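Below are the chains, spelled out letter by letter.
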Amino acid sequence: ELRRAPARWGGTPVLFYGFDDLTRLQLDTIETLGVLVGASVTVSLTYEPGRTAFAGRAGTFQALLPLAAEHRELPAQAEHYAARSRAALSHLERSLFEPGAGRVEAGVAVRLLEGGGERAELELVAAEIGVLLGDGVAPAEIAVAMREPARAADLLAEVFAAAAIPYALQRRRPFADTAIGGALIGLLRCAAAGGGEADDLLAWLRAPGLLERPELADGLEVSVRRRGSTDSEQARELWEQRHWKLETIDHVRAAAQRSPGALLERAGRELQWLFSAPRRRQASLLGAEELDEARALAAARHALADLAELARSSPRLAPRDPHALADVLERLELLSGEPPGDGAVAVLDPLALRARRVRALFLCGLQEGAFPAPGRPRPFLSEEERRRLAEVSGLALAEHQDALAAERYLLYAAVSRPQELLFLSWHTARDDGTPEVPSLFLDDVCDLFEESLRAGRLRRTLGAVEMSASLGAPSPSRALQPLSDPELLAEMRARTWSASSLQKWMGCPVSWLVERVLVPERFEPDPEPLTRGGLAHAALKDTFEGLRRETGTARLSCARLALARRLLRASLVANAGEYPLSTVPERIPGLRRRLEVDLERYLEHAAEAADAAECELQAAELELGFGFEEDDERGEGSNLAPFDLGGGVMLRGRIDRVDISAGGEAVVYDYKGASVKPANKWIAEHEVQIGLYMRVIEELLGVRAVGGLYQPLRGRDLRPRGVLDDESDVRVEVVGGDRKEHGEVRELLDEVTAAALGAAAEAGRGALEPRPPTCAYRGGCMYPTICRCERL
């Protein structure tokens, strides 16, 4: 514009201050103003020829020099440094990166802070700022410089808030990260052709004030995740089955079908409504935490107005559908946070620090890969290719800036800003323990001072819990305490236990507390092994019941194997809706076929084993329930009274299958996947369920339990494992070591009963303790945040 009409500028003089890495456009602007326009132009540039720190700015100086009518060189000054820090800080400014520079004492002017992790580093910084504020230093006289403040903004906010440090940090924030931004983009994606994702619908519904009962959106998310629904149309269908129709989506879709202008106008109305919804009941000034929403509203309004103008002038360039508009808004950014003021510590990047001075500066994150930042690789041609191109064609491509030289100047500019105190900080590892390498620039600084600087650095280890007085002392960590609430203990003593619940307590009482008392609602779909097991149980139950119905007996044999297979396949189809094998439709056919093959193989194995043993056992009870309420959701099968295990401990459960011989001897079966345990591991590995079920059927069915077997349904070896009374008349195929004498069997059942009663007694006393070795499937703590919390 200036080149087309230079006279429009007039004679207004111009001063450029704070620039040192001028872009080509900025250099062209200076030349145009000074040469073509004839204005008085002054450029203030920090530069000294021959110094290593300024090597990265030599090109800018040489580009400006031919344009200058006057070149005025100012001598170096040290008067702006505080008297007690002048020697150290002036030496640092004059000698940084210079070979042969001597060493001086750093005194109180320069200090080093070393954190074990990112949090530990910021806690050290916060502690030192707290000391300065306590000594009367004004917050505005302190600055924290970080290479990427936005990246550490959340952690910094947490640490500084805990230390009561007032600070100001401005950063670019995506419009999509604000409440109204995420909601509007989610709405637009739901209205696009083909719809969006379920998360888009949830983002819109979760906009503050949109729902009077926000928990309805939480309920929808649980349903969506449990069903494995992924797109917004499925999520919308689930919502409208329970609540009201979401007509707003249809209104946006209809506006898009009319014209791009109508879509933009509708989007503007929805934007305004999203901002007003939480504030429509009363008028009030926006709080500090709400200002970003107002900024998002203003930024989106401007963007929509620009797009509307584009739609009028160049309709082909405007977004024509909700999806395209959502893509545009996703790239929109706003300036978040307050600018530095009198009552706050300024948090900024080194580039923003160059044109101001502060009394105390904390230069943080001095890590390799961050400061200095690595150079960017050439995008297309290598050095050799560029040289050859210049030789054969005379075309010299522009050289990339020397990255290290630019980083050296940036460090120089930063460390020359404090007038009294300079703190250099770094961390030796990330918070996850990954090692980090401190910046080599630290060595360049330390080489200018005596060894006392490095030796006197303040350190804070990774995960340290002790805090300085300025940060406040946390309450001491306590070991997990036993349960003591009288009402809870009374409830635990009166509860009816299941065998699996007792096993869970034996494995880890804390895990039992979480899963059986707190009972957090699951967000994820049921694991595929769990749904597979549920479908397998249902199919085998239907198969044996079908055999009894059609042949008069539930005894499996090779002669009845073909019928059993037909019944199995029909049951798998009939129960597929209740037990979805996967939330991924493409996986279901393969999983169902694999299960069908495994179960048919088991039926064949069981039929051959029964014929070989000439055993008259038959399935007398299937899914035998005891101790459940009348309205139990799994009301199939019998439902007997609770079983009194002894000492008032009541037991309930559901037994997969009970086979009974003509002589009244019974074998209890519990279906498993591929892993089954022999009887000699029951007590050590807290596997007491089948032993307790043997006691149950003797008492409630009036039969003699001679065997308790865990039956694998897949794997190479389909022989059941457990225990079988070798003195009984029942002969079924088991591993040799599982046949035991009658006395051994009864002794084992007594041990199982004692272990179960011991677990119930511990629970009744509230003897809560973590047991990491046996908590998870293969050891390890399942719920570390609960085991390590200070109070229950």
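Here we summarise the structure given alongside this text.

1. With respect to the overall build of the protein chain
No. 1: Helix and strand counts for the protein chain stand at 27 helices and 20 strands.
No. 2: Relative to the globule expectation of 28 Å for 792 residues, the C-alpha radius of gyration of the protein chain, 38 Å, shows a markedly less compact shape.
No. 3: Each principal axis of the C-alpha distribution contributes one length, and for the protein chain these read about 120 × 70 × 70 Å.
No. 4: Out of the 792 residues belonging to the protein chain, those deemed buried represent 43%.
No. 5: If you take every contact in the protein chain between residues at least 6 apart in sequence, the share linking residues at least 24 apart comes to 72%.
No. 6: Distance from the positive charge centre (98 side chains) to the negative charge centre (122 side chains) of the protein chain: 3 Å.

2. So, the pattern of salt bridges
No. 1: Tallied over the full model, the rule gives 61 salt bridges.
No. 2: The partner of E338 in a salt bridge is R295, with the nearest N and O atoms 2.6 Å apart. Taken together, the residues span a long stretch of sequence, with E338 in the loop between β7 (333-336) and β8 (345-348) and R295 in helix α12 (residues 291-313) at a distance of 43 residues.
No. 3: With a shortest N-O distance of 2.8 Å, E309 and R312 are connected by a salt bridge.

3. Looking at a nonpolar patch on the surface
No. 1: Nonpolar side chains collect at one region of the surface, where V35, L36 and L67 lie side by side and expose about 250 Å² of accessible area between them.
No. 2: Here L36 is to be found in helix α1 (residues 24-37).
No. 3: The partly exposed category is assigned to L36, whose relative accessible area is 45%.

4. A short note on the environment of G715
No. 1: On the secondary structure map, G715 appears in the loop between β18 (704-712) and β19 (721-725).
No. 2: The partly exposed category is assigned to G715, whose relative accessible area is 34%.
No. 3: Sequence separation between G715 and A352 is 363 residues; the distance between their C-alpha atoms is 66 Å.

5. A word on the packing of aromatic side chains
No. 1: Applying the stated criterion across every chain, the model contains 14 aromatic pairs.
No. 2: Measuring from ring centre to ring centre gives 4.8 Å for F54 and Y412, while their planes differ by 65°; the resulting arrangement is edge-to-face. Pair noted here: F54 is in the loop between β2 (41-43) and α2 (58-64) and Y412 is in helix α16 (residues 403-415), with a separation of 358 residues, a long-range link.
No. 3: A relative accessible area of 1% places F54 in the buried class.
No. 4: Clustering of aromatic rings is evident, with ring pairs tying together Y47, F54, F61, Y409 and Y412.
No. 5: If you follow R495 out to its NZ or CZ, it ends over the ring of W497, 5.0 Å from the centre.

6. A few points about the side chain of E93
No. 1: Here E93 lies in helix α3 (residues 86-95).
No. 2: Setting aside chain neighbours within four positions, we find E93 in contact with R51, Y81, Y412 and S416.

7. Some details on the environment of T52
No. 1: Its location among the elements puts T52 in the loop between β2 and α2.
No. 2: Residue T52 is classed as partly exposed on the basis of its relative accessible area of 26%.
No. 3: Separated by 707 residues in sequence, T52 and A759 have C-alpha atoms that sit 74 Å apart.
No. 4: T52 has contacts with F97, E98 and R408, leaving out every residue within four places of it along the chain.

8. Thoughts on the packing of helix α11 (residues 260-276) against α12
No. 1: Axis separation between α11 and α12 bottoms out at 10 Å; the angle between their running directions is 170°. For the element pair α11 / α12, the angle class is roughly antiparallel. From α11, P260, L264, A267, G268, L271, Q272 and F275 reach across to α12, where they touch E293, A294, L297, A300, R301, L304, L307, A308 and A311.
No. 2: Split by residue class, the contact of α11 with α12 holds 12 nonpolar, two polar and two charged.

9. What to know about a negative patch on the surface
No. 1: Residues E727, E741, E744, E747, D750 and E751 make up a contiguous surface patch of negative charge.
No. 2: Considering the arrangement of structural elements, one finds E744 in helix α26 (residues 742-765).
No. 3: Residue classification places E744 among the partly exposed residues on the basis of a relative accessible area of 40%.

10. Focus on helix α8 (residues 215-227)
No. 1: In this model α8 runs 19 Å from its N-terminal to its C-terminal C-alpha over 13 residues, within 8% of the 18 Å that 1.5 Å per residue would give.
No. 2: Buried within α8 are the following residues: L216, A217, L220, E221, V222, S223 and V224.
No. 3: In the stretch just after α8, G228 is the one whose phi turns positive, near 75°.

11. Describing helix α4 (residues 118-134)
No. 1: Taking 1.5 Å as the rise per residue, α4 with 17 residues should run 24 Å; its terminal C-alpha atoms sit 24 Å apart, in good agreement.
No. 2: With respect to burial, α4 is a largely interior element, 12 of its 17 residues being buried.
No. 3: Within the span of α4, buried status applies to A120, E121, L122, E123, L124, V125, A126, A127, E128, I129, G130 and L132.
No. 4: Once α4 finishes, G136 follows within two positions and takes phi at roughly 100°, a positive value.

12. Digging into the sheet that holds strand β10 (residues 418-427)
No. 1: Reading across the sheet, the seven strands line up as β5-β8-β4-β9-β10-β3-β11 and stay open at both edges, with parallel pairing between neighbours. At either margin of the open sheet sits one strand with a lone partner, and together these are β5 (167-169) and β11 (458-460). Recorded for the sheet is a direction-independent mean angle of 20° between the axes of neighbouring strands.
No. 2: Both strand β3 (residues 110-115) and β11 contribute to a ladder of three bridges, which runs parallel. Opposite L113, over in β11, you have L458 as the bridge partner.

13. Comments concerning the pairing of β19
No. 1: Counting buried positions along β19 yields four of five residues, so the element is predominantly enclosed.
No. 2: Here β18 runs beside β19; their pairing, made up of four bridges, is antiparallel. Paired with G708 across the two strands is V723, which belongs to β19.
No. 3: Two elements, β19 and strand β20 (residues 739-740), share two bridges in a ladder whose sense is parallel. Looking across to β20, one finds that L724 is bridged to R739.

Calculation rules
- Residues numbered from 1 in each chain as written.
- Predicted model: local features only at pLDDT ≥ 70, side-chain atom pairs only at ≥ 80, totals over all residues.
- Heavy atoms only, no water.
- Helix = DSSP H or I, 4+ residues; strand = E, 2+ residues; numbered from the N terminus.
- Rg over C-alpha atoms; globule rule 2.2 N^0.38 Å.
- Buried < 20%, exposed > 50% of the residue type's maximum accessible area, 1.4 Å probe, protein only.
- Contact = heavy atoms within 4.5 Å.
- Lys, Arg positive; Asp, Glu negative; His and termini not counted.
- Charge placed at Lys NZ, Arg CZ, Asp CG, Glu CD.
- Salt bridge = Lys/Arg side-chain N within 4 Å of Asp/Glu carboxyl O.
- Patch = residues over 30% accessible without salt bridge, like charges linked within 9 Å, V, L, I, M, F, W, Y side chains within 5 Å.
- Areas by Shrake-Rupley, 256 points an atom, 1.4 Å probe, with all protein chains shown as cover.
- Phe/Tyr/Trp six-rings, centres within 6.5 Å; stacked < 30°, edge-to-face > 60°.
- Lys NZ or Arg CZ within 6 Å of the ring centre and 35° of its normal.
- Axes fitted to C-alpha atoms, helices over the stretch in contact; angles between N-to-C directions.
- Parallel < 35°, antiparallel > 145°, perpendicular 65-115°, else oblique.
- Nonpolar A, V, L, I, M, F, W, Y, C, P; charged D, E, K, R; others polar.
- Expected span 1.5 Å × (residues − 1).
- Pairing = 2+ DSSP bridges.

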